[in-house]
Amino acid sequence: MARQRRGLAARRAGLGYTQERFAEALGVERSTVWRWETGAVVPLPEQRPRLRTALELTPAELDELLRETDAQHWSPTVQEPTDRTASSWDDPDEVLLQLHELQDSNIGDGQLRLLEDQVHRIIAEYEQRGPSELGPPTARLRRQVHQLLSGRQLLRTRCQLHRVAAQLAGLLGYMAINTGRFRLASAYCAEALHLATEIEDIDLQVWVWGTRSLGAYYQADYARAHADAARGHALAPNSPQSIRLLANGEARALGQLGDRAGADAAVERALALLDRYDIDPELTPCISFEPYGYARVAANAATAYVPLGDTPRVLHYTGDIDPAVEHADSDWSRALVRLDIATAVLRQQDADLEQALALGREALRVCADQPIRSVWQRATTLHGLTQRWANEPQVLEFTDQLRIWRDRPEVQAISGSTG
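Residues numbered from 1 in each chain as written. Predicted model: local features only at pLDDT ≥ 70, side-chain atom pairs only at ≥ 80, totals over all residues. Heavy atoms only, no water.

1. So, the overall build of the chain
Within the chain, the regular secondary structure consists of 21 helices and zero strands. Summarising the internal contacts of the chain: among those between residues at least 6 apart in sequence, 70% fall at separations of at least 24. About 20,200 Å² of surface is accessible on the chain, with carbon and sulfur atoms providing 50% of the total. One way to put it: in the chain the 46 positive side-chain charges average out to a point 5 Å from where the 58 negative ones average out. (Helix = DSSP H or I, 4+ residues; strand = E, 2+ residues; numbered from the N terminus. Contact = heavy atoms within 4.5 Å. Areas by Shrake-Rupley, 256 points an atom, 1.4 Å probe, with all protein chains shown as cover. Lys, Arg positive; Asp, Glu negative; His and termini not counted. Charge placed at Lys NZ, Arg CZ, Asp CG, Glu CD.)

In structure tokens, the structure reads:
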């Protein structure tokens, strides 16, 4: 059996070192320190001077600790002890060593707050910088947090670190959807859901289900979009996070499926749940973990009624939120509302081609530098509806502008990728 050098381990712990930090001080791997202390190997001759210095020992004292055998602490064989009471107790140095390691953490409160602040900053900057710019640094931050999770933390700290990791994976899932990377989005969402479930954060789980629903919606899998939203809603039907699932998930998917009664019911339930909470009615960032206010609910209700051909409802809800949309720092919201109105006025019996295409051109203009998948999809839908008037000058002009917009590298990056 391997020799247990408990004196060596106790000396290290007594000087305030964990195995990990001691390894860093000596320039070796943590596993090397562990093998020294378990007796699996002895330090190499060239390692001993640094070891003596770190442990503040003379050569003779270090040699004595390295010669230590487990027989000095307990017998490795199962036999009847002569002193029954003494044989059942732990070694006090080992208890202190284990306590010291239990109290150790590879991340402090200040570092944790910095990570949380970075999550908030990503959300705040998202609609100005866009997923193509923010995605890579957010992915690097996620990898850094995973490295931290592979180490040791106090239970409270580990729970908070899990939440940060879940939020980063969720944000990356949302960004991947907005750049057309649906397979990657699915992987990120699976990770976020696992982490949120591990720490029993129900609201975050609901948010992730809403994002999974969003991904299915933009892949035109409306049945799955509805099912994912319904599954998240069932987790916490009275949570303010369920407002988003009802409006953005269920209502929009049911609208695409042609279920007018279902879309009506989902919008009504979202508004009823909204009335139970004191939520800012203005337009919150689309990627936010905050629950939807009235402006977001109304914008999604308008989108739900577009494929149902209910132009009056579309105009009612977009009219309600027009001031909030215009005052918000969100070009995407302005573009999407314009495209919804444009599509709705083309679907009505007395279609207004001129108004629709003017709104379509404006939407492309405001999203030229930061395109997202939802704008690409709705602009494509609008263009398809204009083909009834394919030879009209306005349609030819819009078609040309859409072609130029699609040829931009930023747009090509989000138009066809599924990775």
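2. Side note on the packing of helix H16 (residues 311-327) against helix H17 (residues 331-347)
Two elements in contact, H16 and H17, have axes whose closest approach is 10 Å; the angle formed by their N-to-C orientations is 160 degrees. In terms of axis orientation, H16 runs roughly antiparallel to H17. The way H16 lies across H17 gives a crossing that is left-handed. Contact residues: Thr311, Val314, Leu315, Thr318, Ile321, Val325 and Glu326 in H16; Ser333, Arg334, Val337, Arg338, Asp340, Ile341, Ala344 and Val345 in H17. Looking at side-chain class alone, the contact of H16 with H17 contains eight nonpolar, three polar and four charged residues. (Axes fitted to C-alpha atoms, helices over the stretch in contact; angles between N-to-C directions. Parallel < 35°, antiparallel > 145°, perpendicular 65-115°, else oblique. Left-handed = near helix turned anticlockwise from the far one by under 90°. Nonpolar A, V, L, I, M, F, W, Y, C, P; charged D, E, K, R; others polar.)

3. Digging into the packing of aromatic side chains
Taken as a whole and assessed by the stated rule, the structure comprises eight aromatic pairs. With 6.3 Å between their ring centres and 5 degrees between their planes, Tyr305 and Tyr317 make a pair best called stacked. Placement of the pair is Tyr305 in helix H15 (residues 294-305) and Tyr317 in helix H16, with a sequence separation of twelve residues. Given a relative accessible area of 1%, Tyr305 falls into the buried group. Among the aromatic residues, those joined into a cluster by ring pairs are Tyr126, Tyr174, Trp207, Phe289 and Trp332. (Phe/Tyr/Trp six-rings, centres within 6.5 Å; stacked < 30°, edge-to-face > 60°. Buried < 20%, exposed > 50% of the residue type's maximum accessible area, 1.4 Å probe, protein only.)

4. Some remarks on helix H4 (residues 48-55)
Within the span of H4, buried status applies to Leu51, Ala54 and Leu55. When H4 is viewed along its axis, its buried side chains cluster within an angular range of 90 degrees and face the same direction. On its buried side, H4 packs onto helix H1 (6-14), helix H2 (19-26), helix H3 (30-38) and helix H5 (59-66). With its phi angle positive at about 60 degrees, Glu56 sits one or two positions after the end of H4. (Arc of directions from axis to C-beta.)

5. Side note on unusual backbone geometry
For Glu56, which is not glycine, the phi torsion reads 60 degrees and is therefore positive. Mapping Glu56 onto the fold places it in the loop between H4 and H5.

6. Description of the nonpolar core
A general trend in soluble globular proteins is that nonpolar side chains are found buried together. Ranked by internal contacts, the top residues of the largest apolar core, which has 98 residues, are Tyr126, Val145, Leu171 and Val375. Ranked by residue count, the leading element in this core is helix H9 (residues 155-178), at twelve residues. In this view, Val145 contacts Leu115, Leu161, Val164, Ala165 and Leu168; residues no more than four positions away in its chain are not counted. Listed in part, the 14 residues of the second largest apolar core include Leu8, Val28, Leu51 and Leu65. (Core = buried A, V, L, I, M, F, W, Y, C linked by side-chain atoms within 4.5 Å.)

7. Comments concerning the pattern of salt bridges
Side chains that carry opposite charge are capable of pairing whenever their charged atoms lie near each other. Applying the stated rule across the entire model yields 24 salt bridges. With its nearest N and O atoms 3.8 Å apart, the salt bridge here joins Glu20 to Arg30. With Glu20 in helix H2 and Arg30 in helix H3, this residue pair connects regions lying ten residues apart in the sequence. Judged by relative accessible area, Glu20 falls into the partly exposed class, the value being 28%. The partner of Arg365 in a salt bridge is Glu362, with the nearest N and O atoms 2.7 Å apart. Note that Arg365 and Glu362 are positioned in helix H18 (residues 353-366) at a spacing of three residues, about one turn of the helix. (Salt bridge = Lys/Arg side-chain N within 4 Å of Asp/Glu carboxyl O.)

8. Here we look at the side chain of Ser213
Tracing the sequence through the fold places Ser213 in helix H11 (residues 202-217). Those residues in contact with Ser213, other than ones at most four positions away along the chain, are Ala225, Asp228, Ala229 and Gly249.

9. Here we look at the side chain of Arg12
By the element assignment, Arg12 lies in helix H1. A relative accessible area of 0% places Arg12 in the buried class. Non-local contacts of Arg12, meaning those with residues more than four positions away in its chain, are made with Tyr17, Thr18, Gln19, Phe22, Val33, Glu37, Leu55, Leu97 and Glu101.

Geometric descriptors of this kind do not, in isolation, establish any biological role.
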